[in-house]
Amino acid sequence: MEDHSVVDVGDVRMAYRSWGDQHGNPVILLHGIGGSAASWEKVGQALGEEWRVHALDLRGHGESDWPDEYDLELMRDDVLEFIEEAKIDRAGVVGHGMGGVVAYLLAQEHPDRVERLVLEETPPPYAGADDPLPKDGPVDYDENAIGEIQAQLSDPPAEWLERLGEIVAPTLMITGGAESEMSQEDLPEMADRIPDCAQITLPGGHHIHERQPQQFADKVSDFFTS
């Protein structure tokens, strides 16, 4: 059963969807640029058979508020406030694209809140990186957010790269291989910089979790229970 809810995180009202037993171990899903919690529906249902899953609409996306200010650190802080409002101690965090950047920033800044980390097709913190926008479906995002976030992805602060080595959560990087619209060139080096990180490829392009939801969910579940 899927629940739709909202919560105030600072000055932003955040919408989210939940699946699974309320007493299950928590998992948080963070969508990519131009996406929303809706993109996780099939994965959320699959993971919800074992976990308590929350898929968030990040600021400027979906049914959450579209405020005037956007950057990835603010999104990270929004997620932390969600964790606190939901009375979650530690969670498995799964991020796609832009959401993966938010996830690893959270793991760097608040290692005590991230049990395990999954980065799906996540732009590395190198100049020129980007998160391709979805090609299909309705536009459900603030266009002002897109430009500001893409600019930050393509010219990230140096400390994002430097602090990859501070991530203590066991990490799984899932890449989409040759079909992906996102450059794969720097992903192995990014994985090498994270102390406890494994990298696997699931062919399917940039939006693996939407094209291969059951296979993706199975890999995440296996990683969370390993």
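The notes below deal with the structure included here. All figures in this text were calculated on a predicted structure; none of them were measured in a lab. (Residues numbered from 1 in each chain as written. Predicted model: local features only at pLDDT ≥ 70, side-chain atom pairs only at ≥ 80, totals over all residues. Heavy atoms only, no water.)

### Some remarks on the pairing of strand β3 (residues 26–30)
And step 1. Most of β3 is tucked away: 5 of the 5 residues are buried.
And step 2. Here β3 shows two buried faces, one formed by Pro26, Ile28 and Leu30 and the other by Val27 and Leu29.
And step 3. Strand direction decides the pairing type here: β3 and strand β4 (residues 52–56), joined by 5 bridges, are parallel. Residue Leu30 lies in a different strand from β4, and its bridge partner there is Leu56.
And step 4. What joins β3 to β4 is helix α1 (residues 41–47), and the crossover it makes is right-handed.
And step 5. As judged from the 4 bridges shared by β3 and strand β5 (residues 91–96), these two strands associate in the parallel manner. Residue pairing for β5: Leu30 is matched across the bridge by Gly95. (Buried < 20%, exposed > 50% of the residue type's maximum accessible area, 1.4 Å probe, protein only. Helix = DSSP H or I, 4+ residues; strand = E, 2+ residues; numbered from the N terminus. Pairing = 2+ DSSP bridges. Right-handed = clockwise from strand over helix to strand, strands pointing away.)

### Structural notes on the environment of Asp68
And step 1. Here Asp68 is to be found in the loop between β4 and α2 (72–85).
And step 2. A relative accessible area of 79% places Asp68 in the exposed class.
And step 3. Separated by 74 residues in the primary sequence, Asp68 and Asp142 have C-alpha atoms spaced 9.6 Å apart.

### Regarding the environment of Trp66
And step 1. Locating Trp66 in the fold gives a position in the loop between β4 and α2.
And step 2. When the C-alpha positions of Trp66 and Asp142 are compared, they lie 6.3 Å apart, and in sequence the two are 76 residues distant.
And step 3. The contacts of Trp66, once residues within four sequence positions are left out, are Gly60, His61, Asp140, Tyr141 and Asp142.
And step 4. Within the local environment of Trp66, its side chain forms a polar contact with the backbone oxygen of Gly62, the two atoms lying 3.3 Å apart.
And step 5. There is a polar contact of 3.3 Å between the side chain of Trp66 and the backbone oxygen of Ser64. (Contact = heavy atoms within 4.5 Å. Polar contact = N/O pair within 3.5 Å; in protein donor to acceptor, adjacent residues only side chain to side chain.)

### Focus on the side chain of Gln108
And step 1. Summarising the element assignment, Gln108 is placed in helix α3 (residues 98–109).
And step 2. Judged by its relative accessible area of 5%, Gln108 is buried.
And step 3. Within polar-contact distance, the side chain of Gln108 engages the backbone oxygen of Trp160 at 3.1 Å.
And step 4. Other than its neighbours up to four places away in sequence, Gln108 contacts Trp160, Arg163, Leu164, Glu166 and Ile167.

### Some details on the sheet that holds strand β6 (residues 114–120)
Either a parallel or an antiparallel arrangement is found when strands of a sheet pair, and the pairing is made through backbone hydrogen bonds.
And step 1. Read from one edge of the open sheet, 8 strands run β1-β2-β4-β3-β5-β6-β7-β8, paired in mixed fashion. Strand pairing shows two members of the sheet lacking a second neighbour, β1 (3–9) and β8 (197–201), which therefore form its edges. The sheet shows a mean angle of 20 degrees between the axes of neighbouring strands, taken without regard to direction.
And step 2. Across 7 bridges, the pairing between β1 and strand β2 (residues 12–19) is antiparallel. Counted as the bridge partner of Val9 is Val12 from β2. (Axes fitted to C-alpha atoms, helices over the stretch in contact; angles between N-to-C directions.)

### Quick notes on the pattern of salt bridges
And step 1. With the rule as written, the count across this model stands at 9 salt bridges.
And step 2. Two residues, Arg59 and Asp78, come together in a salt bridge whose shortest N-O distance is 2.7 Å. With a gap of 19 residues between them, Arg59 in the loop between β4 and α2 and Asp78 in helix α2 connect regions that are remote in the sequence. (Salt bridge = Lys/Arg side-chain N within 4 Å of Asp/Glu carboxyl O.)

### What about the packing of aromatic side chains?
And step 1. All chains considered together, the criterion is met by 4 aromatic pairs.
And step 2. Between Tyr16 and Phe82 the ring centres are 4.9 Å apart and the planes differ by 70 degrees, which places this aromatic pair in the edge-to-face class. With a gap of 66 residues between them, Tyr16 in strand β2 and Phe82 in helix α2 connect regions that are remote in the sequence.
And step 3. Judged by relative accessible area, which is 17%, Tyr16 ranks as buried.
And step 4. Phe82 gets classed as buried once you look at its relative accessible area, which sits at 1%.
And step 5. Measuring from ring centre to ring centre gives 5.6 Å for Trp51 and Phe224, while their planes differ by 75 degrees; the resulting arrangement is edge-to-face. (Phe/Tyr/Trp six-rings, centres within 6.5 Å; stacked < 30°, edge-to-face > 60°.)

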